[in-house]
Each structure stands twice: as C-alpha cells, then as structure tokens.
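Breakdown of the fold
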There are 2 protein chains.
Amino acid sequence: MRRAREHLTEHLRAALLSGRVAAGDPLPSSRMLASVVGISRGTVVSVYEDLAGEGYVVIVPGSGTYVADGLAAHEAALSAVTARPKEPQAIAAALPARGKVNLSPGSPATNFSKNRDWVAAWRSAVKQDLPGLPPLAAGNGQLRELIANHLRTARGVICTPNDIIVTAGTSDGLALTLQAQRSQGHEQPRIATENPGYPTARRVISASGGTPVPIPVLNGGMDPDALRRAPGTFSAALLTPSHQYPLGGRLPVAARLDFLAWAKETGAVNFEDDYDSEFRHGAPLLPAIASLDHEQRVVLIGSYSKTLTPWLRCGYLVIPDPELRGHALRVREAVGQPVSGLVQTALTEFMRSGGLQRHLVRVGREYAHRRKLVIAAAEALGSHCLLEAVEGGLHAAITWEGSPHADQAVALLAEQGVEVASLSKYYHEGSPAMRNGIVFGYGAPTDLQLRHALDGINAVLGGPIHFK
Amino acid sequence: MRRAREHLTEHLRAALLSGRVAAGDPLPSSRMLASVVGISRGTVVSVYEDLAGEGYVVIVPGSGTYVADGLAAHEAALSAVTARPKEPQAIAAALPARGKVNLSPGSPATNFSKNRDWVAAWRSAVKQDLPGLPPLAAGNGQLRELIANHLRTARGVICTPNDIIVTAGTSDGLALTLQAQRSQGHEQPRIATENPGYPTARRVISASGGTPVPIPVLNGGMDPDALRRAPGTFSAALLTPSHQYPLGGRLPVAARLDFLAWAKETGAVNFEDDYDSEFRHGAPLLPAIASLDHEQRVVLIGSYSKTLTPWLRCGYLVIPDPELRGHALRVREAVGQPVSGLVQTALTEFMRSGGLQRHLVRVGREYAHRRKLVIAAAEALGSHCLLEAVEGGLHAAITWEGSPHADQAVALLAEQGVEVASLSKYYHEGSPAMRNGIVFGYGAPTDLQLRHALDGINAVLGGPIHFK
C-alpha cells in the first residue's frame with residue numbers, strides 16, 4: 001500500500017511537471033483513478049492531499065481536484081536554467097516571477113487547520129472550565145509527565161515531571177536558566193557558544209546579563225579542546241549535539257563524554273539544545289548528553305517550535321540539579337509561568353491523544369521528500385560547493401570555497417525573490433575565519449516553491465564561471 | 001423587563017433559602033412560570049441560569065431545573081450564627097461542613113465553557129492556518145489596535161498601537177519594564193511601592209534585579225509627601241490609583257498630578273497598575289494618570305487577569321516614552337514575545353466580536369450582586385470593624401481595631417474551610433504599623449459559598465465579646 005501510494009505520487013508529480021497539462025485542468029475523480037490503477041480510493045485521496053500540500057494541485061471541496069497555476073512556467077524556467085546562461089541578468093530573466101519564496105531557516109510545516117487531532121485538542125481545552133488562577137509556576141503536571149515519558153522513550157533521558165519546567169520556548173528557557181545561574185551567584189555568566197551557531201541564543205544570553213563566548217565548531221559540534229584552551233571560566237557551554245546548528249553533523253559520543261568531564265572539572269553546566277532531533281534522515285541519533293549524565297551537569301532545552309510551530313510559544317527545560325532548578329522555579333514563582341493554561345491544556349491533549357506523534361510522522365515524510373529535492377538539486381552544483389546539515393531536521397546549508405561572498409549570494413537570491421540566510425550571520429561578530437555559505441529551511445515551502453528556490457540557488461552558485 | 005427579572009430573582013432566592021423546599025425538588029418549567037408570572041419565557045430562563053450560576057439550583061439539560069443541595073443546612077447555620085454562641089468551638093460546630101470556600105483575592109468569575117463568544121473566538125483562532133514564525137515581538141498588531149481604542153474610550157488614554165507591547169500579564173509587564181530601565185542604566189532600580197500593597201509586585205521587582213521601597217498609603221493611594229520625604233532616588237513609583245490594592249479608595253486627582261510633577265522633577269516614571277478598573281460599583285472612575293500625562297512619564301500596566309482570567313496569561317504595557325519602549329522592545333526581540341500567537345488571535349477575535357464587552361457586563365452584574373451580599377453581611381459586624389475596597393473591583397477588605405490578630409482570624413476561618421488573606425502579607429516585611437485586617441475576593445464563589453464564608457467571617461469578627 002505504501003509503495004502504491006509513493007509510486008502514484010511520483011508518477012503524478014512527473015505528469016504535472018511535464019507541461020502536458022494546463023492550469024485548471026481537472027484530475028480524474030478519486031473513485032475513477034482508484035479503479036483504473038487498482039488501489040483503494042482512500043490512497044488516491046491522500047495522494048491528492050499530499051500533492052495539494054505540495055502546491056501541484058488545488059482541491060475544491062464538493063467539486064474536484066485541479067492542476068495548479070504556474071506548473072508550465074516552472075518547466076520552462078527549468079529548461080532555461082539548464083541551458084546555463086552566462087550572465088546573472090540572464091539568470092534573473094530566465095526565472096519566472098512567481099512571488100517571494102521565504103526559505104529563512106526555522107519555519108516548520110504548519111498546515112494545522114486541517115489537522116483533526118489539533119482541532120479536537122483545542123476544542124477540548126476551550127470547553128473546559130478555566131480556573132480563575134494562574135497556571136502552576138512549573139507548568140501543567142500532566143504535560144510535564146507526558147514530556148518526561150517522551151524523553152525517556154525517544155531520547156533515553158531519565159527524568160521525572162518534577163525535573164521539568166514548562167517554558168515559552170527555547171529563548172525563554174535559556175533566559176530562565178541564565179537568571180537561575182545569576183541567582184546562584186554567577187554575576188555575569190560566561191557561556192561558551194558554538195561558532196558558527198544560533199544567533200538568537202547569543203542575543204538571549206546578552207539580554208539576560210550573560211556573555212556569549214565563541215568556541216569554534218569542529219567535527220559536528222563545539223570543539224572540546226578549544227573550549228579547554230579558552231581563557232577565563234565558564235558557567236555553561238551551549239551545545240546543539242544532535243544536529244549542529246547551522247552546519248549539521250553530530251557531536252561524537254567521545255566529545256559528549258568530554259563535555260561532561262569538562263563540566264565536572266570546572267563546575268560548569270552543559271546546556272543541551274535538542275531543537276530538531278525528532279526529524280532524522282538516515283544518520284541515526286546519538287544518545288543525548290542528558291542521557292549520559294550522572295552528575296546533574298546537563299540542562300536539556302526543548303521546544304515545540306520545530307515539531308509544531310514557534311507561533312505556539314511552548315517548550316520545556318529539564319534541570320536535574322535541584323539547586324539550579326530551585327532557583328529557576330523561584331523566578332517562575334515570582335514572575336509567573338508565562339505559558340497560557342489553555343496552550344498547556346491543548347498541548348497535553350494533543351500529545352495524550354497521539355496527535356503529536358501522527359503529526360510528526362506526517363511532516364517527517366514531507367521533510368524527507370523535500371530533502372530529496374534539495375539533495376538532487378545540489379548534485380548540479382560545482383565541486384567547490386558542499387551541501388551540509390541534511391542528515392536531520394528541516395534546514396540545509398551550502399558552503400563553498402571562493403567567490404561569491406555569502407552576503408552577495410544572499411543578495412542575488414533576494415533579487416529573485418528567494419530568501420535564504422547568509423552563513424555569516426551565524427558567526428560571532430569579528431570572527432576571523434568565516435566560511436562562505438547559505439543556510440535555508442525546507443520545512444515550510446511547497447515543493448514548487450522549493451524547486452524554484454533551488455533553481456535560483458543553482459543559478460547563483462551553479463559554477464565558478466559566473467563569478468571568476 | 002429588567003425590574004421583572006430582578007424581582008423574580010430576589011423572590012426565588014428568598015423562597016429557596018426559606019427551608020420550605022427540599023434538595024432535588026423541581027422548579028416549575030420556564031414556560032409555566034412565565035405564563036403564571038406574566039413575563040417572557042426568556043426572562044425566566046435567564047433568571048434560572050443566574051440562580052444556577054449562584055449555586056441555588058441545578059439545570060439538567062433536557063429535563064428541568066432542580067433545587068440544589070445544602071440550602072436547608074445553610075438556613076440552619078444562619079440561625080445558629082445569629083444566635084451568637086460565645087465560644088469559637090461553638091461557632092465552628094454551628095457552621096456546617098460544606099467543603100472549602102476559597103476567597104483568596106484575585107480570582108475572577110470564569111464560567112467560560114458556556115460563553116458562546118469565547119468558544120467562537122477560539123474556534124476561529126484554531127481554524128486559521130498558523131504561521132511557522134514566532135509572534136511579533138510587540139504582539140499582534142490588530143490586538144494592539146483594539147487595546148488602544150479601548151483605552152481611549154474607556155480610560156481617556158491617548159495612545160497608538162505602536163506604544164503598546166503585549167505581555168503575559170501584569171508580572172511579565174512589570175519585569176519587562178524593569179529590564180528596560182536597567183538597559184537604560186538604572187543598575188538596581190529602586191521602585192516606590194505602596195505599603196500595604198500588592199505582594200506579587202514586590203517579588204517581581206526583586207526577581208528582576210530591582211528593590212521595592214515601601215511608601216505608606218494614605219487617602220486612597222500612595223502618599224506623595226511620604227514619597228518626597230523618602231531618602232534616595234527612585235526610578236519609578238508603582239501605583240494602583242483607580243482602586244488601591246488591597247485597601248481600596250481612589251487616588252485623588254491632585255495627588256495624581258503631584259506624582260506626575262514628582263516624576264518630572266526626579267527623572268522617574270509612574271507605573272500605573274490599572275488592574276480592575278473595568279468593575280466599578282458606585283464611585284465613578286477618576287481619570288487614569290496616563291491620561292493626564294503630557295511628559296511620557298507614565299507606563300500603564302494592564303492585564304486580562306481580572307477581566308478574563310490569570311489562566312490566560314495576557315496583558316499589555318503602554319510605554320509612551322520612545323527610549324524606554326525601545327529598550328523594552330529590544331528585550332522582547334532578543335528573548336521573544338512569550339504570548340502564544342493563538343492566545344493573541346483568540347483574544348483579538350473575542351474583543352472584535354464584542355464578546356469581551358458582553359462578558360464584562362455579565363460578570364460585572366454578578367460582582368455587583370455579590371458585593372451587595374458582602375455589604376449586607378458587614379452590617380452585622382461591630383463598630384470596631386471597617387469594610388473597605390468595595391467601591392470597585394472584585395475583592396473587599398475588613399480591618400479592625402484590637403484583637404484578634406489578623407493572622408489568627410485567618411487561621412480561625414481556615415479551620416472552618418474559609419480561605420481569606422491576612423492584610424499582614426500585603427505589608428512590606430518589617431513594617432512598623434500594620435493594621436489588622438483580612439482581604440477576600442468575591443469574584444469566583446457562588447452566592448451560597450460566599451454566604452457561608454461571610455457567616456464565618458461574622459462569627460470570627462462578629463463582636464469584641466469573643467476575643468476580649
């Protein structure tokens with residue numbers, strides 16, 4: 001059944017891109033196609049839904065399924081680009097204007113309005129009578145229990161609901177942890193941060209009275225030797241070990257153990273930002289640092305920004321050290337738990353009903369599919385280019401030697417309506433050896449938008465011929 | 001129509017409390033009663049709904065309306081208490097055990113599950129496709145526009161949506177403002193706070209790196225002369241001018257102008273906490289300090305914790321001073337807007353549809369009714385007692401001269417299952433002249449719970465005879 005579905009999807013995609021169909025042409029009814037192909041009607045319906053989600057077709061309820069606009073133009077553009085014009089102007093002219101495509105990293109797929117589990121979870125949350133009190137400082141107990149269960153089964157992290165504090169996302173969690181460290185007596189906590197790394201985290205650290213200190217990335221994560229050589233004392237190292245952000249790669253197990261040893265030696269803590277471990281493509285996950293820790297030296301920072309959407313503003317901290325957790329809880333008790341009780345109840349219900357798990361399977365399939373498009377497009381790039389970070393998550397990076405400068409490439413793409421991020425903005429200010437690269441997300445765009453953007457990327461980076 | 005409704009409600013309440021009906025007895029059908037009394041059936045239905053909300057009757061959908069449990073016991077207790085036993089043990093014995101009644105101040109009425117506007121607003125918010133991005137740092141633009149419009153018409157405060165930042169409530173707003181002041185260079189902001197005053201605000205100030213400095217309350221608010229006499233410099237004065245928390249009273253207009261002058265002279269700011277101005281009983285509102293301000297020296301702190309519920313975690317700041325606002329926005333941009341986009345969308349829709357206004361009218365009627373019960377019960381108190389704060393909002397305070405100590409009174413009430421707050425916890429630690437008093441909320445309880453609690457209060461404070 002799975003194979004029939006994939007086969008039909010591939011086949012229809014190719015047909016729709018062939019240029020032999022016109023925008024607005026009706027597709028055969030699901031009943032008709034099912035009997036012709038010899039598969040269940042339900043399979044055809046879900047294939048049509050997938051194609052609609054990808055932007056190939058439009059489903060008109062009560063009427064039928066129709067070919068989307070712009071497919072022929074796309075095909076024409078593909079041939080034009082394949083012909084490799086020599087001038088950037090020619091590239092821009094060859095690409096059809098089809099509105100902006102925003103591939104800024106970080107946006108997940110969010111087609112929630114049609115997700116029955118989601119709608120049902122919210123309906124149930126709204127129908128409950130609301131307490132006239134603020135939510136618990138640590139967050140909803142049932143939600144923390146579900147999070148603890150999930151972390152145990154999915155990440156091997158043994159924790160209890162009491163170790164968990166609900167947050168308004170990764171930034172709120174990081175800010176709260178820093179505030180707790182300051183209550184512990186770290187007046188201006190120095191935090192080792194990956195370079196290149198997550199720029200938002202650096203801003204949060206500075207806004208929370210701390211100092212982010214750049215440590216180079218090597219072999220899929222922060223280089224522990226560079227950290228040991230760095231002068232001064234640190235209150236923590238902020239790591240993205242399951243999928244280094246933004247360049248990808250996994251921190252080797254030996255390095256994970258080394259960071260635990262470093263934390264013990266120096267009295268510091270590891271902040272483990274587990275931002276997209278739910279989505280793996282090929283390379284299996286390595287054990288979370290939190291699962292290797294027996295000294296309460298890891299704070300796990302989780303969020304639903306990638307698994308659901310940053311619009312929701314919900315995440316969590318796991319703080320096994322009772323002293324640090326106590327300080328964090330006292331801040332929460334003083335200033336209040338910021339996550340609405342309604343959001344917590346709805347998320348609890350969404351997890352309890354299995355809706356979140358089903359959502360992850362569904363979007364994981366989408367991401368795996370779009371990742372293939374990214375890999376296929378990257379094959380056309382010159383050997384001076386390297387595709388990175390595609391072993392997991394919902395973003396990719398392309399780095400290259402020589403020209404153009406990353407910011408110039410981003411500007412050229414922006415002229416074509418394709419928004420990606422320059423790798424330069426992931427480096428700490430004043431970093432000596434910045435690589436040229438772009439970082440882009442493939443979580444949110446439709447297939448067609450992604451193909452268009454990839455065409456643009458290929459045109460800009462396609463060969464040294466344009467820029468040498 | 002209004003009079004017929006009120007008349008019928010009063011009449012039925014008296015009949016239900018008379019002891020002549022038994023728990024579970026059916027009330028006449030609404031159709032029958034309407035034709036007997038000669039009013040519309042709709043009026044009878046809403047009277048029954050009111051009585052159900054107050055706990056007198058139970059509506060069984062598809063069946064009918066029935067007398068609630070415990071009314072007869074209540075009547076017996078009333079007579080027992082009226083007989084004035086001489087010993088506290090006798091009081092406790094006379095009061096029926098009917099579970100705990102929590103009158104901790106701060107909880108509003110929250111019967112949302114039956115509020116069609118509320119359910120519709122959330123349905124609409126959940127049905128929208130969610131962005132894969134975080135909410136705007138300042139908050140939803142439409143929401144800020146609705147808040148600005150409301151402040152203009154209801155409070156005379158002229159502001160634009162750009163002056164407004166959405167917050168997760170009063171505490172979050174206060175913490176953000178302090179962080180902004182610290183970014184401005186106030187290393188450890190000293191904030192003048194009312195004594196007695198809102199203890200949570202003091203905790204927020206301390207947790208945000210500031211120092212709350214007690215200034216005595218006089219004539220319905222902070223005493224501006226005491227503030228001027230206080231040593232040291234202040235970065236702000238935190239005021240509850242429309243309804244001093246917890247003792248009630250309104251800050252006179254002359255004092256409002258004096259605080260503006262003080263702020264201008266000293267370079268400080270007034271934080272105006274407008275926590276319950278939507279609910280007035282009798283005494284009209286005075287102009288908000290923010291509406292008298294022409295020097296951008298007021299930060300208005302608003303929240304939906306009293307008008308809706310603190311469970312929602314939503315409020316706002318109005319910061320007219322662009323420099324201070326810029327600092328607050330930069331913190332929000334670095335750490336993120338904590339209020340879920342879904343909460344903001346639903347609240348926007350609830351305000352836009354008029355649902356919030358209808359809700360305020362409905363609960364305002366409830367509060368006015370329960371406030372009458374409080375005033376009626378307080379008439380039985382001795383002349384050594386004073387009922388305070390009932391000119392607005394949803395809480396009241398009773399203060400008295402002599403014994404018992406406030407904490408003892410609270411403990412005696414707790415033994416009877418009645419939870420109220422001691423006035424002592426509203427004073428700054430180590431305050432020299434604390435008055436004896438209790439503070440209690442009447443927003444959340446049913447009429448019967450409130451009557452039970454008021455009986456308990458009267459028994460404990462009823463006359464000097466028990467405690468002299």
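Residues numbered from 1 in each chain as written. Chains lettered and ligands numbered in written order. Predicted model: local features only at pLDDT ≥ 70, side-chain atom pairs only at ≥ 80, totals over all residues. Heavy atoms only, no water.

Describing the confidence of the model for chain A
Residue and element names in this part refer to chain A. The cut-off we apply is this: Each residue carries a pLDDT value, the predictor's own confidence for that position, ranging from 0 to 100. Should any heavy atoms of two residues lie within 4.5 Å, those residues are considered in contact.
Overall, the predicted model of chain A reaches an average pLDDT of 88, with 91% of residues at or above 70. Residue range residues 73-97 is modelled with pLDDT below 50. Its contacts to residues more than four positions away, or to other chains, number 33 contacts. Per-residue pLDDT stays below 50 along residues 464-468; that stretch engages in 11 contacts with residues further than four places along the chain or on separate chains. Taken over the whole predicted complex, pTM reads 0.82, whereas the ipTM for its chain interfaces reads 0.81.

Focus on the state of the cysteines
All names here are of chain A. Quick reminder of the rule: By convention in this document, the label disulfide applies to cysteine sulfur atom pairs within 2.5 Å. Per-residue accessibility, obtained with a 1.4 Å probe over protein chains only, is compared with the maximum for each type, and a residue is labelled buried under 20%, exposed over 50%, and partly exposed between these values.
Enumeration over the complete set of coordinates arrives at zero disulfides over all chains. Not part of a disulfide, cysteine 159 finds its nearest cysteine sulfur in cysteine 314, a span of 15 Å. On the basis of relative accessible area, cysteine 159 is assigned to the buried category, the value being 10%.

Digging into the packing of helix 16 (residues 406-415) of chain A against helix 17 (residues 447-461) of chain A
Residue and element names in this part refer to chain A. The test is simple: All axes here are fitted lines through C-alpha atoms, helices being fitted over the stretch that makes contact, and every angle between N-to-C directions spans 0 to 180 degrees. Helical segments are the DSSP runs of H or I of at least four residues, strand segments are the runs of E of at least two, and each set is numbered from the N terminus. An angle below 35 degrees is treated as roughly parallel, one above 145 as roughly antiparallel, one from 65 to 115 as roughly perpendicular, and anything else as oblique. Working rule for handedness: look at the near helix, and if it is turned counterclockwise from the far one by less than a right angle, call the crossing left-handed; if clockwise, right-handed. Following the grouping adopted for this structure description, the nonpolar residues are Ala, Val, Leu, Ile, Met, Phe, Trp, Tyr, Cys and Pro, the charged ones are Asp, Glu, Lys and Arg, and the polar ones are all others, Gly among them.
One way to put it is that helix 16 packs onto helix 17 with a least axis distance of 10 Å and a crossing angle of 135°. Taken together, the axis directions place helix 16 and helix 17 in an arrangement best described as oblique. Viewed along their axes, helix 16 and helix 17 form a crossing whose handedness is right-handed. Contacts from Ala409, Leu412 and Leu413 of helix 16 reach helix 17 at Gly456, Ile457, Val460 and Leu461. Split by residue class, the contact of helix 16 with helix 17 holds six nonpolar, one polar and no charged.

A word on the interface of chain B and chain A
Note the cut-off: Buried area: the accessible surface (1.4 Å probe) lost by two parts on joining, summed over both. Put simply, a salt bridge is a Lys or Arg side-chain nitrogen that is within 4 Å of an Asp or Glu carboxyl oxygen. Under this definition, polar contacts are N or O atom pairs within 3.5 Å; protein pairs additionally need one hydrogen-donor-capable and one acceptor-capable atom, and for neighbouring residues in sequence, both atoms have to be side-chain atoms.
The interface of chain B with chain A comprises 47 residues on the first partner and 46 residues on the second. Buried area between chain B and chain A, both sides added, is near 3,800 Å², and the carbon and sulfur share of it is 62%. For the pair chain B and chain A, the interface holds zero salt bridges. Summed over the shared surface of chain B and chain A, the result is 20 residue pairs in polar contact (both at pLDDT 80 or more). For the side of chain B that touches chain A, the elements supplying multiple residues, two or more each, are helix 6 (116-127), helix 8 (170-183), helix 9 (199-207), helix 13 (322-335) and helix 14 (341-352) of chain B. The residue makeup of the side of chain B that touches chain A, split by class, is 24 nonpolar, 16 polar and seven charged.

Remarks on the environment of alanine 192 of chain B
All names here are of chain B. Structurally, the position occupied by alanine 192 is in strand 5 (residues 190-195). In this structure alanine 192 comes out as buried when scored by relative accessible area, which is 0%. Along the chain, alanine 192 and methionine 222 lie 30 residues apart, while their C-alpha atoms are 8.9 Å from each other. The contacts of alanine 192, once residues within four sequence positions are left out, are Val213, Ile215, Met222, Leu227, Phe234, Ala236, Ala237 and Leu238.

So, the relation of the copies chain B and chain A
Short version of the rule: The copies are overlaid by a least-squares fit using only the C-alpha atoms of residues whose pLDDT is at least 70 in both copies.
Least-squares fitting of chain B to chain A yields an RMSD of 0.1 Å, with the superposition described by an axial translation of 0.1 Å and a rotation of 180°. Put plainly, the chains are arranged around a two-fold axis. Here 98% of the contact residues of chain B are again contact residues in chain A; the copies associate through an equivalent surface.

Overview of the environment of tryptophan 311 of chain B
Tracing the sequence through the fold places tryptophan 311 of chain B in the loop between strand 9 (298-303) and strand 10 (315-318). Tryptophan 311 of chain B gets classed as buried once you look at its relative accessible area, which sits at 16%. Measuring from C-alpha to C-alpha, the distance between tryptophan 311 of chain B and histidine 186 of chain B comes to 32 Å, with 125 residues separating the pair along the chain. Each residue touching tryptophan 311 of chain B, except ones within four places of it in the same chain, is listed here: Leu130, Pro131, Leu133, Pro134, Pro135, Ser340, Gly341, Leu342 and Thr345 of chain A.

Section: the sheet that holds strand 11 (residues 385-388) of chain B
Residues and elements named next belong to chain B. Applicable threshold: At least two bridges found by DSSP between two strands is the condition for calling them paired.
Sheet architecture is open: four strands sit in the order 11-12-15-14, paired in antiparallel fashion. Each edge of the open sheet is held by one strand with a lone partner, namely strand 11 and strand 14 (421-422). Note that strand 14 and strand 15 (residues 436-441) share two bridges and pair antiparallel. When the sheet's bridge partners are listed, alanine 421 is paired in strand 15 with valine 439. Contacts from helix 16 (residues 406-415) reach strand 12 (395-400), strand 14 and strand 15, with the element oriented near 45° to strand 15. On top of the sheet, helix 17 (residues 447-461) reaches strand 11, strand 12 and strand 15; it is set at about 175° to strand 15, its chief contact.

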